[in-house]
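Structural description and commentary
In case you want the letters, here they are:
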Amino acid sequence: MSYRPNITNVTKASSNDKEGLYEFIIKLADGTECRAFYHRFPEWKMTNISRLLKTPCPICRKDFICKCMEAFTADFEGQMIGDQWIEKAIAE
């Protein structure tokens, strides 16, 4: 696969601090937006990711629901934790 997601911005959409559940909107360099769900306990773990239907999928070019972004979960998690996007989004 030649596609590599590159996160440019992350915002917190909603959270349940008591249960450790968070929802983030992730903006990518190619203009794609995704919704990612995280569970905080015992450590940060992505539970689901889906593309928001604002632009066609950069992988399959479908303009409707697809599951292409799930194939890049490891890339997203690496950037979210490595570049400290989660901490930046929660601090806002």
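Residues numbered from 1 in each chain as written. Predicted model: local features only at pLDDT ≥ 70, side-chain atom pairs only at ≥ 80, totals over all residues. Heavy atoms only, no water.

What follows covers the side chain of Glu 33. Relative to the assigned elements, Glu 33 resides in strand S3 (residues 33–39). Classification of Glu 33 by relative accessible area gives buried; the value is 16%. For Glu 33, the side chain forms a polar contact with the side chain of Lys 54, separated by 3.4 Å. Not counting the four nearest positions on each side in its chain, Glu 33 is found in contact with Ile 25, Ile 26, Lys 27, Arg 51, Leu 52 and Lys 54. (Helix = DSSP H or I, 4+ residues; strand = E, 2+ residues; numbered from the N terminus. Buried < 20%, exposed > 50% of the residue type's maximum accessible area, 1.4 Å probe, protein only. Polar contact = N/O pair within 3.5 Å; in protein donor to acceptor, adjacent residues only side chain to side chain. Contact = heavy atoms within 4.5 Å.)

Low pLDDT marks stretches whose predicted atomic positions should not be read closely. Per-chain confidence: the chain averages 94 in pLDDT, with 99% of residues scoring 70 or above. By mean pLDDT, helix H2 (residues 85–91) is the weakest element of the chain at 94, and strand S2 (residues 21–28) is the strongest at 98. (pLDDT = per-residue confidence, 0-100.)

For Leu 53, the location among the structural elements is in the loop between strand S4 (45–51) and helix H1 (73–82). C-alpha separation for the pair Leu 53 and Phe 64, spaced eleven residues apart in sequence, amounts to 6.6 Å. Not counting residues within four places of it along the chain, the set of residues in contact with Leu 53 comprises Phe 64 and Ile 65.

Further remarks concern the pattern of salt bridges. A pair can form between side chains of opposite charge whenever their charged atoms are brought close. Summed over the entire model, instances satisfying the criterion amount to three salt bridges. Measuring nitrogen to oxygen at the nearest pair gives 3.8 Å for the salt bridge that ties Asp 75 to Arg 4. Of this pair, Asp 75 sits in helix H1 while Arg 4 sits in the segment before strand S1 (7–16), placing them 71 residues apart in sequence. For Asp 75, a relative accessible area of 28% translates into the label partly exposed. Here Arg 35 and Glu 23 are joined by a salt bridge, their closest N and O atoms 2.6 Å apart. With Arg 35 in strand S3 and Glu 23 in strand S2, this pair connects stretches of sequence that are twelve residues apart. Given a relative accessible area of 29%, Arg 35 falls into the partly exposed group. (Salt bridge = Lys/Arg side-chain N within 4 Å of Asp/Glu carboxyl O.)

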